[in-house]
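Chain residues, written in single-letter form:
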Amino acid sequence: SIELPTDEEMAAMDTEIVEKSEQDREWDAKIAGERQEVDLLKSELTEKQAKERLDQLAQQIAEFEAKLEKLGDPKNLPTQEEMDHIKITFFQNKAAWKKRKRMTTDIVGQICEGLDKKPKVLMQELGMELDEDVNANIDALPNIEDPAKKRKLVYAKKPMRAA
């Protein structure tokens with residue numbers, strides 16, 4: 001036969017169950033906190049990785065300081081005339097690129113109309129490369145206003161001297 005606990009023993013067991021359940025919840029909360037800390041530590045750099053990163057950053061700083069020192073020297077700065085020449089050359093080359101691309105596209109289009117071919121097929125047969133084929137994007141280049149027009153405007157705005 002199985003002995004059944006008395007009411008007092010049942011009450012003591014119930015109290016013990018409540019205490020153990022509370023203790024279990026406390027341990028679960030503590031474990032969850034420890035897991036969060038472990039996850040945080042896993043996402044951090046190791047000492048070796050931190051040293052490597054520090055060395056990389058120190059090298060970058062040295063390179064940037066050298067570059068800054070070089071740029072900061074007035075002898076190395078381009079003159080205004082050199083900058084104007086660079087801007088004019090850049091503008092002219094960009095304009096020529098656009099013009100030649102437009103002309104080439106028009107010519108290939110006209111030839112394709114007469115041959116009933118698609119432009120891409122004709123270009124492949126001729127061995128022509130598109131800007132997109134070589135990852136060249138003229139729109140990615142900076143937009144510079146025509147420097148020649150800018151100079152004309154500057155000269156036009158100067159007041160006339162009375163004779």
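Residues numbered from 1 in each chain as written. Predicted model: local features only at pLDDT ≥ 70, side-chain atom pairs only at ≥ 80, totals over all residues. Heavy atoms only, no water.

## Quick notes on the pattern of salt bridges
Consideration 1: Inspection of the entire model under this criterion finds five salt bridges.
Consideration 2: In this structure, K51 and E47 form a salt bridge, with 3.6 Å as the shortest nitrogen-oxygen distance. Taken together, the positions of K51 and E47, both in helix α2 (residues 47-72) and four residues apart, correspond to about one turn of that helix.
Consideration 3: Judged by relative accessible area, which is 61%, E47 ranks as exposed. (Salt bridge = Lys/Arg side-chain N within 4 Å of Asp/Glu carboxyl O. Helix = DSSP H or I, 4+ residues; strand = E, 2+ residues; numbered from the N terminus. Buried < 20%, exposed > 50% of the residue type's maximum accessible area, 1.4 Å probe, protein only.)

## A look at a nonpolar patch on the surface
Consideration 1: On the surface, a cluster of nonpolar side chains totalling about 350 Å² of accessible area is made up of M103, I107, I111 and L115.
Consideration 2: For L115, the location among the structural elements is in helix α3 (residues 80-115). (Patch = residues over 30% accessible without salt bridge, like charges linked within 9 Å, V, L, I, M, F, W, Y side chains within 5 Å. Areas by Shrake-Rupley, 256 points an atom, 1.4 Å probe, with all protein chains shown as cover.)

## Notes on the environment of M13
Consideration 1: Note on placement: M13 falls in helix α1 (residues 7-43).
Consideration 2: Note: C-alpha distance between M13 and K42 (29 residues apart in sequence) is 42 Å.

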